[in-house]
Amino acid sequence: MTEGKTRRNFLITSIAVTGGIVATNAFGQNTTNTATPPATMPERVLGRTEVKLPIFGLGGAGQTPLSWEGKEGDATAMIQRALELGIRYFDTAASYGPSEDYLGKVLPPHRSKVFLASKTDQRDRDGAWRELERSLKRLNTDYLDLWQLHRVSFPEELDTIFSPSGAIKALEEAIEQKLVRFAGITGHHDPQVIAEGLRRYPFHTTLIPVNAADKHHPRPFIPVVLPVAQEKNVSVIAMKVPAYGRLFKPGGLTGMEQALGYTMSQPGVHCCVIAAETIAQLENNVKIARAFVPLKKEELTAIAQRTANIWEDSTFFRAWT
């Protein structure tokens, strides 16, 4: 693996020089890092990764400062506040605008304390490798805790990913070279595709929509993907928890307490990632996560019923591919 070692050494050296940071090893051990406050949110282990994290992580997409150009000040302030609040899971992707750059401005001194996840939407090995190299440089880190195949929507994509020159090769090589710790697959279009991906490959995690409107959709994620994930001991990370706030329309849910409560009470869901438009919104979300207790079946049924008339508007993202 001479080529791989050369690639890794080059990345570590260039990141350390351009980022002005001390390089860490593949498991983030760096005694010079500044400690972050311990989380006070409930914590769960992510499937078979043996990594224990708070149930709430910060998302880097959506209509938020983390994904907007020209918002570095607001974005870095939000990331710093997230650290102060005990958030340790940060989710981003190569395609989320400047999100990786913003995270790379703040997280390096805290690297050993955080769980950093990014994604690639490339389906071939070489394309995925190029995105990984770019992500590592932008994030100012020499490894990712989790690298995910992003928004996998169609069966044909799985065939390409798992082909001899597919993106899965890059993922496997990156893990072997300790540039990546864990492998994941994400999608919000077709639950059958994600479930099939979990059957075909031993992913560590899957990032999927899990919210109170799911049961009303003709192709729901919860009953299709969660049982397969539990069978394979794959960690389920929930996204689209409030459906970009659309679950809170008149006649819908009363607030994030119901949205997060419903999601985190689903069997096999280990944590969720939610973006924030403002620091105040972030603080409120963390407050709700800290107070979370699993809901009873009757409560879950009542919450889901509140979305019966708004589910179509609340699942608009299912059309994205």
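Residues numbered from 1 in each chain as written. Predicted model: local features only at pLDDT ≥ 70, side-chain atom pairs only at ≥ 80, totals over all residues. Heavy atoms only, no water.

- Per an unreviewed UniProt entry, the protein is named Putative oxidoreductase, and its organism is Nostoc flagelliforme CCNUN1.

**Some thoughts on the sheet that holds strand β8 (residues 205-209)**
Part 1 of the argument: Spatial ordering of the closed barrel is given by β3-β4-β5-β6-β7-β8-β9-β10, a layout of eight strands whose pairing is parallel. Each neighbouring strand pair of the sheet contributes to a mean axis angle of 30 degrees, computed without reference to strand direction.
Part 2 of the argument: Alignment of strand β5 (residues 115-120) against strand β6 (residues 144-149), held across four bridges, turns out to be parallel. The partner of A117 across the bridge, within β6, is L146.
Part 3 of the argument: Contacts from helix α8 (residues 222-232) reach β8, β9 (235-239) and β10 (269-274) within the one sheet, and its direction differs from that of β8 by about 165 degrees. (Pairing = 2+ DSSP bridges. Helix = DSSP H or I, 4+ residues; strand = E, 2+ residues; numbered from the N terminus. Axes fitted to C-alpha atoms, helices over the stretch in contact; angles between N-to-C directions. Contact = heavy atoms within 4.5 Å.)

**Describing the packing of helix α7 (residues 191-200) against α8**
Part 1 of the argument: Packing of α7 against α8 brings their axes to within 9 Å, and their N-to-C directions diverge by 10 degrees. Compared by their axis directions, α7 and α8 come out roughly parallel. Residue-level inspection shows P191, Q192, I194, A195, L198 and R199 of α7 in contact with α8, the latter providing V224, V225, V228, A229 and K232.
Part 2 of the argument: By residue class, the composition of the contact of α7 with α8 is eight nonpolar, one polar and two charged. (Parallel < 35°, antiparallel > 145°, perpendicular 65-115°, else oblique. Nonpolar A, V, L, I, M, F, W, Y, C, P; charged D, E, K, R; others polar.)

**Digging into the pairing of β6**
Part 1 of the argument: Most of β6 is tucked away, with six of its six residues classed as buried.
Part 2 of the argument: Regarding topology, helix α4 (residues 125-139) serves as the crossover connection from β5 to the parallel β6, and that connection is right-handed.
Part 3 of the argument: As paired elements, β6 and strand β7 (residues 180-186) share five bridges and run parallel to each other. Bridging across to β7, L144 finds its partner in V180. (Buried < 20%, exposed > 50% of the residue type's maximum accessible area, 1.4 Å probe, protein only. Right-handed = clockwise from strand over helix to strand, strands pointing away.)

**So, the nonpolar core**
Part 1 of the argument: Residues F56, I87, F90, W147, F203, L260 and L282 are the most contacted members of the largest nonpolar core, which totals 83 residues.
Part 2 of the argument: A total of six residues in this core trace back to one element, the largest contributor, which is α8.
Part 3 of the argument: Among residues more than four places away in sequence, those in contact with L260 are I55, F56, V241, C272, I274, I288, A289 and F292.
Part 4 of the argument: Formed by 13 residues, the second largest nonpolar core is a distinct cluster that contains L53, A117, F182 and V273. (Core = buried A, V, L, I, M, F, W, Y, C linked by side-chain atoms within 4.5 Å.)

**Side note on helix α3 (residues 99-106)**
Part 1 of the argument: By the criterion of burial, α3 is predominantly enclosed, with six of the eight residues buried.
Part 2 of the argument: Those residues of α3 lying buried are S99, E100, Y102, L103, G104 and V106.
Part 3 of the argument: Considering only its buried residues, α3 is in contact with α2 (72-84), β4 (89-91), β5 and α4.

**Section: the packing of aromatic side chains**
Part 1 of the argument: Across all of its chains, the model carries nine aromatic pairs by this definition.
Part 2 of the argument: Here the aromatic rings of F316 and W320 are separated by 5.5 Å at their centres, their planes lie at 80 degrees, and the arrangement is edge-to-face.
Part 3 of the argument: Classification of F316 by relative accessible area gives partly exposed; the value is 23%.
Part 4 of the argument: Over the face of the ring belonging to Y143 we find R111, whose NZ or CZ atom lies 4.0 Å from the ring centre.
Part 5 of the argument: If you follow K240 out to its NZ or CZ, it ends over the ring of F317, 5.7 Å from the centre. (Phe/Tyr/Trp six-rings, centres within 6.5 Å; stacked < 30°, edge-to-face > 60°. Lys NZ or Arg CZ within 6 Å of the ring centre and 35° of its normal.)

**A word on the environment of V273**
Part 1 of the argument: Its place among the elements puts V273 in strand β10.
Part 2 of the argument: By relative accessible area, which is 8% here, V273 ends up buried.
Part 3 of the argument: Along the backbone, V273 and Y89 are 184 residues apart, and their C-alpha atoms lie at a distance of 8.1 Å.
Part 4 of the argument: In contact with V273, not counting residues within four places along its chain, are G57, G59, Y89, D91, L207, I237, A238 and M239.

**Section: the confidence of the model for the protein**
Part 1 of the argument: Averaged over the protein, the pLDDT score is 90; the fraction of residues at 70 or greater is 88%.
Part 2 of the argument: Within the model, the stretch residues 1-6 combines pLDDT values under 50 with three contacts to residues more than four positions away or in other chains.
Part 3 of the argument: Note on residues 12-39: pLDDT under 50 across the span, and 53 contacts to partners over four residues away in sequence or across chains. (pLDDT = per-residue confidence, 0-100.)

**With respect to unusual backbone geometry**
Part 1 of the argument: Although it is not a glycine, N233 adopts a positive phi angle of roughly 55 degrees.
Part 2 of the argument: With respect to the helices and strands, the residue N233 is situated in the loop between α8 and β9.
Part 3 of the argument: One non-glycine residue with positive phi stands out, namely Y244, at about 55 degrees.
Part 4 of the argument: Along the chain, the position of Y244 falls in the loop between β9 and α9 (256-264).

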